[in-house]
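One letter stands for each residue in the lines below.
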Amino acid sequence: MSGTQIESILTEARTFPVPEEFARQANMDQAQYEALCRQAAENPAEFWGKLARDHLHWDKPFNQVLDDSQAPFYKWFSDGELNVSVNCLDRHLDSPTRNKAAIIWESEQGEVVTLTYAQLHREVSRFAATLQDLGIHLGDRVAIYMPMVPEAVIAMLACARIGAIHTVVFGGFSAEALKDRIEDTQARLLITADGGYRAGKVVPLKHNADQALSRSSHAVEHMIVFQRTGEEVNMQSGRDLWWHDLAAKAQVDCAPLAVNAEHPLLILYTSGSTGKPKGIVHSSGGYLLWSLLTTHWVFDLKPTDVYWCTADIGWITGHSYVVYGPLALGATVFMYEGAPTYPDAGRFWDMIEHHRVNVFYTAPTAIRALMKLGDEWPNRYDLSSLRLLGTVGEPINPEAWMWYYKVIGKERCPIADTWWQTETGGHMISPLPGVTPLKPGSCTRPLPGIFPDIVDEEGEIIQSTEAGGYLVMTRPWPGMLRTVWGDEARYIENYWAKFNNRFYVAGDSAHRDMDGYYWIMGRIDDVLNVSGHRLGTMEIESALVAHPAVAEAAVVGRPHEIKGEAICAFVVLRQSHAGEDMDALAQTLRAHVADAIGPIARPDEIRFTDNLPKTRSGKIMRRLLRAIARGEEITQDTSTLENEETVRQLER
Ligand code: PRX
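Fair warning: this is a prediction, and the values are worked out from it, not measured in the lab.

1. Topic: the sheet that holds strand E5 (residues 112-116)
Part 1 of the argument: Taken in spatial order, the seven strands make up an open sheet running E5-E4-E17-E16-E18-E19-E20, and their pairing is mixed. The open sheet terminates on both sides in strands that have one partner only, identified here as E5 and strand E20 (415-418). Going from strand to strand, the sheet's axes swing by 20 degrees on average, the running direction of each strand aside.
Part 2 of the argument: Pairing of strand E16 (residues 306-309) with strand E18 (residues 359-362), which is carried by three bridges, proceeds in the parallel orientation. Looking across to E18, one finds that Tyr307 is bridged to Val359.

2. Points about the UniProt feature "modified residue: N6-acetyllysine" (unreviewed entry) in the protein chain
Part 1 of the argument: Cross-referencing UniProt, the feature "modified residue: N6-acetyllysine" (unreviewed entry) maps to Lys619 in the present numbering.
Part 2 of the argument: Assignment of secondary structure puts Lys619 in the loop between strand E30 (605-608) and helix H19 (622-629).
Part 3 of the argument: If near-sequence neighbours (up to four positions away) are discounted, Lys619 is found in contact with Pro613 and Lys614.

3. Section: the pairing of E16
Part 1 of the argument: Neither face of E16 is exposed, since Val306 and Trp308 on one face and Tyr307 and Cys309 on the opposite face are all buried.
Part 2 of the argument: Relative to strand E17 (residues 332-336), E16 runs parallel, the two sharing three bridges. Across the sheet, the residue bridging to Trp308 is Phe334, located in E17.
Part 3 of the argument: Taken together, E16, helix H11 (residues 316-328) and E17 form a β-α-β motif whose crossover is right-handed.

4. Some words on the nonpolar core
Part 1 of the argument: In this structure, Ile191 and Tyr324 are the most contacted members of the largest nonpolar core, which totals 162 residues.
Part 2 of the argument: Among the elements that line this core, the one with the most residues is helix H6 (residues 150-162), at ten residues.

5. Let's talk about the packing of helix H10 (residues 285-298) against H11
Part 1 of the argument: Interhelical geometry of H10 versus H11 gives an angle of 80 degrees and a closest axis separation of 8 Å. The angle between H10 and H11 places the two elements in the roughly perpendicular class. Side by side, H10 and H11 meet where Tyr287, Leu288, Ser291, Leu292, Thr294 and Thr295 of the first sit next to Ile316, His319, Ser320, Tyr321, Tyr324, Gly325, Pro326 and Ala328 of the second.
Part 2 of the argument: Along the lines of polarity and charge, the residues of the contact of H10 with H11 split into eight nonpolar, six polar and no charged.

6. Focus on the sheet that holds strand E25 (residues 518-523)
Part 1 of the argument: The strand order across the open sheet built from four strands is E21-E22-E24-E25, with neighbouring strands paired in antiparallel fashion. In the strand order of this sheet, the two ends are held by strand E21 (452-455) and E25, each with one partner. Each strand axis lies, on average, 45 degrees off the axis of its neighbour in the sheet, ignoring direction.
Part 2 of the argument: Pairing of strand E22 (residues 469-473) with strand E24 (residues 504-512) involves four bridges; the strand directions are antiparallel. Paired with Gly469 across the strands is Ala510, a residue of E24.

Rules of the game
- Here, residues in each chain are numbered from 1, in the same order as that chain's written sequence.
- Two thresholds apply to this predicted model, a pLDDT of at least 70 for residue-level local features and 80 or more for giving and counting side-chain atom pairs, whereas whole-chain, interface and lining totals are computed over all residues.
- Each side-chain value is derived from all of the structure's non-hydrogen atoms; neither hydrogens nor water enter the calculation.
- By definition, two strands form a pair when at least two bridges between them are found by DSSP.
- We count a stretch as a helix when DSSP gives it H or I for four or more residues in a row; a strand needs E for two or more, and each element gets its number in order from the N terminus.
- Simply put, an axis is a line fit to the C-alpha atoms, just over the touching stretch for a helix, and the angle between two N-to-C directions goes from 0 to 180 degrees.
- UniProt positions are given in the numbering used here, feature names are shortened, and annotations may be inferred rather than shown by experiment.
- Note on definitions: a residue-residue contact is assigned when non-hydrogen atoms from the two residues lie within 4.5 Å.
- Residue exposure (1.4 Å probe, protein chains only): buried if accessible area is under 20% of the type maximum, exposed if over 50%, otherwise partly exposed.
- The handedness rule is simple: strands pointing away from the viewer, and a clockwise path from the first strand over the helix to the second, make the crossover right-handed.
- Here, the term nonpolar core denotes a set of buried Ala, Val, Leu, Ile, Met, Phe, Trp, Tyr and Cys residues that are joined through side-chain atoms within 4.5 Å.
- Oblique is the label for any angle not covered by the other classes, which are roughly parallel (under 35 degrees), roughly antiparallel (over 145) and roughly perpendicular (65 to 115).
- Side-chain classes are defined by residue name, with Ala, Val, Leu, Ile, Met, Phe, Trp, Tyr, Cys and Pro counting as nonpolar, Asp, Glu, Lys and Arg as charged, and the others, Gly among them, as polar.

So, in structure tokens, the structure goes:
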């Protein structure tokens, strides 16, 4: 975006007022909202301190709310101690919540398992005791590579119970991606399953895990394998252990360990514009507080609600809004293992009807895909239990918003379009369903305690309601990332350096309209958003050039009707492969990337070329490639290119 101003192209003008009936029962009303915003602005320490005291159980109360002495390495509640699993489980056991469903899980084949809070507590304690028996201690890293089964949640909370730091790796990621994360975290233990189900097929998790470990320069001491699919797997004696064997032997009780509020709860990898994915570190106290508060405010959860967030636990959305936020609130979480359209396009709607889901949170890509399959699918089901809808992960186009609003929400349910990131820990800019009138395509206004702004290249605040700029946060918040695992310099460089540590730089561009509503315009760095998943173009390029046929590669995004963005790769072949069958080679390279990163990174299109367009200083002209991928007319001056004729070739 450097040097250029982005003009907003959205002209959406519809507004949907807060339904009165909803406002009357909402967890936050207009008066509370205004009071909270005022307090947050005037006295942040009092604001955050009170919320943390009121909503979390502290083993050792904190005195200091914010320590900014080493900013931008902020610390929150840092002389306090707590245990995250106690806050999610134990503290509900003395109330009627004890015997209510914490998790209702449905498998792709339709099995249903319900775990009450008391049962979940027991399973977590038992598994935490197992981890202790294996010698896992405070601060040790544990990698979790699991399907969407309750045991994945049990594994996460068991780590939290003993102060181990979990790093969940999405089950759709490849062995290579798992290897990278194990090496970077130096995990002592890997927890996986024999396999998981997806669209009627088995994902061979244990096999991938074996491959990851065989390539890894760092050896885990043990691998715990949960038996899910029952297929044959290789168990390496001494290293690999069955979950059920350990559970049968383990004692049931494991006393929770109180940890410092700043103790890392989790590391989660996400893509940036440079290098390998970075390990985002979240704290125990601040992260838990923010995921809890945002779940309470934005999803308006009530004790009687059945709540369903469709995200996999391998993403931050799964961490904050399947596990930590809702369980800390004592909510009933519905969880599904499988594909959204299996065995047919009515699957989601069928489960909403069957389990009487009240609050439903999913991604625009899923909405667009389901919309395309036709209204007859949702119309076949009784969706009257729904009272609130949410979306996350990418901008939602007004057309998809309207479909969600009308066909799924029957014009009764507010939609929370939640803008946030792996790094922010929880929602940042989002409607509050009892407070905020909605505009399709806008994530509306910041939550109380969150202070975004839009700045230009010099860091000056943009007052115009038309021009876009860098979306920044001008104040810290408890749910913010603490650092990049093992790389403090990268933390500064990625999020703070651009404006001399004055703001947190989100990496998105946005503009703010005259009502103070934010409209996210997209990433400003070389990060793609494919089906709501972040992928660095560099990661895909590195995967491509690692193939022996490839000399050079450049990856750009282009708009895609369902996925938001499609991946388009420009590839220069090595001389030795020049005469090969191009279609076959394109297929091979697509499969190669899927293998290196995961199926979500598989390029949609591969275009072979003799050269990539470069400036005289050797920089690949990505803007030009983007225009070519989109089939746009080239208006840029290409005379400064080192190899101008390349453009002609690519345009063909
Ligand atoms: O570009 C924004 C987009 O997703 C990015 C964050 O991706 P990730 O860390 O993977 O987290 C996804 C789940 C929180 C953001 O920088 N994004 C996320 N939510 C929205 C969004 N873009 C527009 N509107 C949203 N509601």
